[in-house]
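Commentary on secondary and tertiary structure
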Amino acid sequence: MSKKILFINQEITPYVPETEMSLMGNKLPQHVQESGCEIRTFMPKWGNINERRGQLHEVIRLSGMNLVIDETDHPLIIKVASIPSTKIQVYFIDNDDYFLRRQMAVDENGEAYQDNGQRAVFFARGVLETVKKLRWAPDIIHCQGWMAATVPLLIKKAYRDEPTFAGTKVVTSLFNHQMKGSLGNHFKKTIEFKSAKASVLGEFNDAFDYNELDKLAIAYSDGVIEGGPGIKPELLDFAAAKKVALLPYAGEDFIEAYQAFYDQISTAKK
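To start, this report covers the structure provided alongside it. The model shown is predicted, which means the values in this text are computed figures rather than measured ones. (Residues numbered from 1 in each chain as written. Predicted model: local features only at pLDDT ≥ 70, side-chain atom pairs only at ≥ 80, totals over all residues. Heavy atoms only, no water.)

As for the overall build of the protein chain
Note the threshold: Helix numbers and strand numbers start at the N terminus; a helix is a DSSP run of H or I with at least 4 residues, a strand a run of E with at least 2. The size measure is the radius of gyration over C-alpha atoms, and the globule rule it meets is 2.2 Å times the number of residues to the 0.38 power. Relative accessibility thresholds used throughout: buried, under 20% of the residue-type maximum; exposed, over 50%; partly exposed, between the two (1.4 Å probe, protein chains only).
Across its full length, the protein chain carries 9 helices and 13 strands. The globule rule puts the C-alpha radius of gyration for 270 residues at 18 Å, and the 17 Å found for the protein chain is close to it. Each of the three principal axes of the protein chain carries a C-alpha extent, and together these read 45 × 40 × 40 Å. A total of 270 residues make up the protein chain; the buried ones form 55% of that total.

What about the side chain of Asn9?
Our working rule: Here a polar contact is taken to be a pair of N or O atoms separated by no more than 3.5 Å, where protein atoms must pair a possible hydrogen donor with a possible acceptor and residues adjacent in sequence count only if both atoms sit in side chains. Only heavy atoms enter the contact rule, under which two residues are in contact if any of them lie within 4.5 Å.
In this fold, Asn9 is placed in strand E1 (residues 4-9). Assessed through its relative accessible area of 1%, Asn9 is described here as buried. One polar contact links Asn9 to Gln144, side chain to side chain, over a distance of 2.7 Å. Once residues lying within four places of it in the same chain are set aside, the contact partners of Asn9 are Gly25, Pro29, Thr41, Phe42, Met43, Pro44, Phe123 and Gln144.

Observations regarding the sheet that holds strand E7 (residues 89-94)
Selection rule: When DSSP finds two or more bridges between a pair of strands, those strands are recorded as paired.
What the 9 strands build is an open sheet, ordered E3-E6-E7-E2-E1-E8-E9-E12-E13; its pairing is mixed. If you trace the sheet from one side to the other, it starts and ends with strand E3 (57-58) and strand E13 (245-247), each paired once. For strand E9 (residues 169-174) and strand E12 (residues 223-226), the ladder comprises 4 bridges, and the chain directions are parallel. Across the sheet, residue Ser173 finds its bridge partner in E12, namely Ile225.

Notes on empty space enclosed by the protein
A probe matching the size of a water molecule, rolled over the atoms, marks out where space remains unfilled. Defined as follows: Lining residues are those with an atom within 4 Å of a point, where the points come from a 1 Å grid over the protein atoms alone and group into cavities, where a 1.4 Å probe fits but cannot get out, or pockets, open sets with protein on both sides within 12 Å along at least five of seven lines. Grid points are joined across faces, edges and corners, and a volume is the space filled by probe spheres set on the points. Amino acids outside the nonpolar list (Ala, Val, Leu, Ile, Met, Phe, Trp, Tyr, Cys, Pro) and the charged list (Asp, Glu, Lys, Arg) are all regarded as polar, and Gly is one of them.
The final tally for this structure, using the stated rule, is 1 cavity of 30 Å³ or more. Looking at the largest cavity, its volume works out to about 90 Å³. Contributing to the lining of the largest cavity are 13 residues, with Gly145, Trp146, Ser173, Leu174 and Asp214 lying nearest its centre. Those elements giving two or more residues to the lining of the largest cavity turn out to be E9 and helix H7 (210-219). Looking at the lining of the largest cavity element by element, the count peaks at 3 residues for E9. Partitioned by chemical class, the residues of the lining of the largest cavity number 8 nonpolar, 4 polar and 1 charged.

Here's the deal with helix H8 (residues 233-241)
Heads up, the condition is: What the arc measures is the spread of directions leading from the helix axis to the C-beta atoms.
If you check which residues of H8 are buried, you get Leu235, Leu236, Phe238 and Ala239. Down the axis of H8, the buried side of the element spans an arc of 155°, and every buried residue falls inside it. Along H8, the residues that are exposed and aim more than 90 degrees away from the buried face are Pro233, Asp237, Ala240 and Ala241. Considering only its buried residues, H8 is in contact with E9, H7, E12 and E13.

Side note on the packing of aromatic side chains
Let me state the cut-off plainly: A pair of aromatic rings is counted whenever rings of Phe, Tyr or Trp (Trp by its six-membered ring) have centres within 6.5 Å, and the orientation is called stacked for planes under 30 degrees apart, edge-to-face for over 60 and tilted otherwise. When the NZ atom of lysine or the CZ atom of arginine is within 6 Å of a ring's centre and also within 35 degrees of its normal, the charge is said to sit over that ring.
This model, assessed by the stated rule, comprises 11 aromatic pairs. A ring pair is formed by Trp146 and Tyr210, whose centres lie 5.2 Å apart and whose planes are at 75°; its orientation type is edge-to-face. Taken together, the residues span a long stretch of sequence, with Trp146 in the loop between strand E8 (140-144) and helix H5 (151-156) and Tyr210 in helix H7 at a distance of 64 residues. Grouping residues by exposure puts Trp146 and Tyr210 together as buried. With a centroid separation of 6.1 Å and 40° between ring planes, the pair formed by Phe204 and Phe208 is classed as tilted. Three or more aromatic residues joined by ring pairs make a cluster, and in this case those are Phe187, Phe204, Phe208 and Phe238. In this structure, Arg102 packs its charged tip against the face of Tyr113, placed 4.8 Å from the ring centre. We note Arg125 situated over the ring of Phe193; from NZ or CZ to the ring centre the distance is 3.8 Å.

None of the figures reported here should be taken as evidence of function without further support.
See the structure below:
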């Protein structure tokens, strides 16, 4: 039976500029779908995405839920589009407070947005709630980018009793995103949802930064992939210490290595 793989991507070209991560966000789901797997693909509806050019439209039946982040309600808007010349459909997580009239991770002056932590949590929970609505149970969730970094924790703690994710394994790809700055001393409380309590995050610094966010993703993933060359040794050492399965950088011809890694992770005991 073919696997069901959920891709939670921070960036996908052609909706955002080409980077190592956005190119992989485009190519990987396409190759995996062509291999016979069933997929779903999500990304944030960044404010610099041209909705008319990308032919995005709202999915009314999936929109309308409110997510509470830091005790404030934020409406969840779901949009969808198809990548030109492919059969890949992309779901976009949108919200006026977090994405409207903004750039991506940094503003026009190159400064990281102060609420990036809240944006990441909203995105992660928005994806998982939408997948529940789709009544589609993934065998593997593949996360790419710091915006998806809270997904592994949420799957293992907050959503562990949800039938949709009962048998799901989580894989995280690491990239050299070069993000700097703090997510604040309050970030552990921002993450809190159901049984994903701040109290389980004692091994992480109270002053969360993007490096700590990478470590959070690694700690709760079943497998980690070097998405590009030159990943920080500190992160690879952390994965080794946690005994998390690791796939080294596979280069341009990555698909066979990725599929073998999916097989390894999906058959491993929890």
